[in-house]
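Observations on chain architecture
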Amino acid sequence: MAAAVATPLKFTFSSSHGSTRRLQWRNNQRSVKRPYRGAITAKIEHKPPPYSLEALEPHMSRETFEYHWGKHHRAYVDNLNKQIVGTELDTMPLEEIILATYNKGDLLPPFNNAAQVWNHEFFWESMKPGGGGQPSQEVLDLIKRDFGSFEAFVTEFKAAAATQFGSGWAWLVYKANKLNVGNAVNPLPSEEDKKLVVVKSPNAINPLPLLTIDVWEHAYYLDFQNRRPDYISTFMEKLVSWDAVSLRLEAAKARAAEREREEERARNEYEGDDSQTDPQPVEMYGTDSDDSEAD
Amino acid sequence: MALRTLIARNPLRAAAPAASRGLQTFSLPDLSYDYGELEPAISAEIMQLHHQKHHQTYITNYNKALEQLDAAAAKGDASTVVKLQSAIKFNGGGHVNHSIFWKNLAPVRAGGGEPPHGSLHKAIDSNFGSFEALIQKMNAEGAAVQGSGWVWLGLDKEFKRLVVETTGNQASVVVLILHSTPSVSLSSQDPLVTKGASLVPLLGIDVWEHAYYLQYKNVRPDYLKNIWNVINWKYASEVFDKESA
């Protein structure tokens, strides 16, 4: 059931703004169970990592996997399945559940579990036995272009992981602009399209990623206790799977190219209509959160 | 290792002024019990790491941020002053919260686990129905905190009532994907007063994973069940009496 090599997970988004532009991310068939007509269950799977639980020793112990994969990840799966059974979410693939429950930032209860299931699958696939080292030439070229050097990227990624206060994740993201994502809204467009960036996120939120590190304390406490920076360094030097990053980058670029073609088509269709040819930037995430708290 | 306070000290006042500018710095408060004295509820290993590593790191980083703040304010560097706020809030909050937490715990020999009497007991009954009901409520809310945070029993001085509150990573706080590293305001070490200016903490339970993971692993509810055996209700009563006078 577990793939020997990580294959990129793909998503389906649909626009909620009445635009004809669609971001087509196809579902990864491996993680979707399509029920037969009348059956109630598309049980979300508790997918094992693409290696055995002790394969990452001594850098990440078997004991950590027994708890992190065996208890934490499993609990997210079990609790999600309990939440969605008998609801309209029940037959949806994981990615669609995430989008539906993201709900433009006004999170519905299953979001946390769904997003954490996805995040953890992605995290296991971001590591491999004998990991570390250097990325492929193509990824390396992009990293050099967008961060200046590989060392500068590593520094920024480690800093993001170390300064994610509390529980959360740090990500390497392929920021392709002009997304027209259904529930999430667009990042503010800029000249820097198709760029690699490092971001961090709290709890279960994720952006559109190539690589992640889990910095919840349960991810490293048994092996490293409070020494999060040591865990981060070990991850970069011994665990990171640049193979997975390469595969995901290819998928992300293919999607970006496909989107551009669609937008070109849409622009040509709506040529007489000014409002369609000059789209307003929409924020990627809602601003009703606490960044502007006065208290 | 025996750590006893010989002189009563308020850790939330600076321990010593730094030389030149009179900037106050903070230092790690001593516990009034040994690391192993809260077993079996909380292991000695956890107590030592929690106190000497986690709390100390908050203090170190808080002092550093205050120093940078002082320098930036003196220069009139407004953007640096603003940028430092999240580090101050997080690390200062961590110091405030943990200083209270050590006083919220006591070995059984010093009254740990013994329920409150007198006015606090009465207030608990009238606000929550019973002592057991309060415990249940705090355990439920503590278990439900997603990610890192705290569960508090607080006194609302304005409305003269007891409340249970949680502070934690807000799942609704999201990240703007910008060209540079985004900054996010998170609340996992917010002091209780950030939930309401009239709130006074009587009792806080740390539900960050570092507070229990080595011993309880993912089973936070067991940690919450057992910690009541070492909760120092005497301290909570003192604060309650003083603040509701």
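Residues numbered from 1 in each chain as written. Chains lettered and ligands numbered in written order. Predicted model: local features only at pLDDT ≥ 70, side-chain atom pairs only at ≥ 80, totals over all residues. Heavy atoms only, no water.

A look at the environment of Thr167 of chain B
Residues and elements named next belong to chain B.
- Following the sequence through the fold, Thr167 ends up in strand β4 (residues 161–168).
- The exposure class assigned to Thr167 is buried, which follows from its relative accessible area of 2%.
- Excluding its chain neighbours within four sequence positions, the residues that come into contact with Thr167 are Val145, Ser148, Gly149, Trp150, Trp152, Ser187, Asp190 and Lys195.
- Polar side-chain contacts of Thr167 include one of 3.2 Å to the side chain of Trp152. (Helix = DSSP H or I, 4+ residues; strand = E, 2+ residues; numbered from the N terminus. Buried < 20%, exposed > 50% of the residue type's maximum accessible area, 1.4 Å probe, protein only. Contact = heavy atoms within 4.5 Å. Polar contact = N/O pair within 3.5 Å; in protein donor to acceptor, adjacent residues only side chain to side chain.)

What about the nonpolar core?
- Formed by 67 residues in total, the largest nonpolar core has its most connected members in Met127, Phe153, Ile213, Tyr231, Phe235 and Trp242 of chain A.
- Tallying contributions element by element places helix α3 (residues 110–125) of chain A first for this core, with 8 residues.
- Apart from residues no more than four positions distant in its own chain, Phe235 of chain A is found in contact with Phe123, Ser126, Met127, Phe157, Leu211, Thr212, Ile213 and Val240 of chain A.
- Membership of the second largest hydrophobic core comes to 59 residues, among which are Leu222 of chain A together with Ile42, Leu155 and Val200 of chain B. (Core = buried A, V, L, I, M, F, W, Y, C linked by side-chain atoms within 4.5 Å.)

Some remarks on the pattern of salt bridges
All names here are of chain A.
- For the structure on display, the rule yields 16 salt bridges over all chains.
- Here Asp243 and Lys128 are joined by a salt bridge, their closest N and O atoms 2.9 Å apart. Taken together, the positions of Asp243 in helix α8 (residues 242–269) and Lys128 in the loop between α3 and α4 (137–147) put the pair 115 residues apart, joining distant regions of the chain.
- By relative accessible area, Asp243 is classed as partly exposed at 44%. (Salt bridge = Lys/Arg side-chain N within 4 Å of Asp/Glu carboxyl O.)

Examining the packing of helix α4 (residues 118–128) of chain B against helix α5 (residues 131–144) of chain B
Residues and elements named next belong to chain B.
- Where α4 contacts α5, the two axes come as close as 8 Å, and the packing angle between them is 70°. Between α4 and α5, the angle falls in the class roughly perpendicular. Remark: the crossing between α4 and α5 carries left-handed chirality. Residues Ile124, Asp125 and Phe128 of α4 form the contact with α5, whose participating residues are Phe131, Ala133, Leu134 and Lys137.
- Looking at the contact of α4 with α5 residue by residue, the classes come out as 5 nonpolar, no polar and 2 charged. (Axes fitted to C-alpha atoms, helices over the stretch in contact; angles between N-to-C directions. Parallel < 35°, antiparallel > 145°, perpendicular 65-115°, else oblique. Left-handed = near helix turned anticlockwise from the far one by under 90°. Nonpolar A, V, L, I, M, F, W, Y, C, P; charged D, E, K, R; others polar.)

Some remarks on the sheet that holds strand β5 (residues 199–206) of chain B
All names here are of chain B.
- Taken together, 3 strands build an open sheet; the order of strands is β4-β3-β5 and the sheet is antiparallel. Both outer strands of the open sheet, β4 and β5, are each paired with one neighbouring strand and no more. Sheet twist, expressed as the mean angle between neighbouring strand axes with direction ignored, is 25°.
- Pairing of strand β3 (residues 149–156) with β5, which is carried by 7 bridges, proceeds in the antiparallel orientation. Within β5, the residue paired with Trp150 across the bridge is Asp206.
- In the packing of helix α8 (residues 233–243) onto the sheet, contacts are made with β3, β4 and β5, and the angle to β5 comes to roughly 165°. (Pairing = 2+ DSSP bridges.)

Considerations on the packing of aromatic side chains
- Scanning the model with the defined rule gives 28 aromatic pairs over all chains in all.
- Between the aromatic rings of Tyr212 of chain B and Tyr223 of chain B, the centroid separation amounts to 5.1 Å while the plane-to-plane angle is 25°, which identifies the pairing as stacked. With Tyr212 of chain B in the loop between β5 and α6 (213–216) and Tyr223 of chain B in helix α7 (residues 220–227), this pair connects stretches of sequence that are 11 residues apart. Per residue, the accessibility class of Tyr212 of chain B equals that of Tyr223 of chain B, and both read buried.
- Directly above the aromatic system of Phe122 of chain A lies the positively charged group of Arg248 of chain A, at a separation of 3.5 Å from the ring centroid. (Phe/Tyr/Trp six-rings, centres within 6.5 Å; stacked < 30°, edge-to-face > 60°. Lys NZ or Arg CZ within 6 Å of the ring centre and 35° of its normal.)

With respect to the sheet that holds strand β2 (residues 195–202) of chain A
All names here are of chain A.
- Strand order in the open sheet made by the 3 strands is β2-β1-β3, with antiparallel pairing throughout. What marks the edges here is a single partner per strand, and that holds for β2 and β3 (209–214). Within the sheet, the average angular offset between the axes of one strand and its neighbour, ignoring direction, is 20°.
- Direction of pairing for strand β1 (residues 168–175) relative to β2: antiparallel, over a ladder of 8 bridges. Within the sheet, the bridge partner assigned to Gly168 lies in β2 and is Pro202.
- Here α4 sits on the sheet in contact with β1 and β2, set at roughly 80° to β2.

Quick look at the environment of Glu258 of chain A
- By the element assignment, Glu258 of chain A lies in helix α8.
- Along the backbone, Glu258 of chain A and Asn79 of chain A are 179 residues apart, and their C-alpha atoms lie at a distance of 36 Å.

Some remarks on the packing of helix α1 (residues 44–75) of chain B against helix α3 (residues 85–104) of chain B
Residues and elements named next belong to chain B.
- Between α1 and α3, the least distance of the axes is 8 Å, while the angle of their chain directions is 140°. Between α1 and α3, the angle falls in the class oblique. Relative to α3, the crossing made by α1 is left-handed. Residues Met47, His50, His51, His55, Thr57, Tyr58, Ile59, Asn61, Tyr62, Ala65, Leu66 and Leu69 of α1 form the contact with α3, whose participating residues are Gln85, Ala87, Ile88, Phe90, Asn91, Gly92, Gly94, His95, His98, Ser99, Phe101 and Trp102.
- In terms of residue class, the contact of α1 with α3 is built from 12 nonpolar, 12 polar and no charged.

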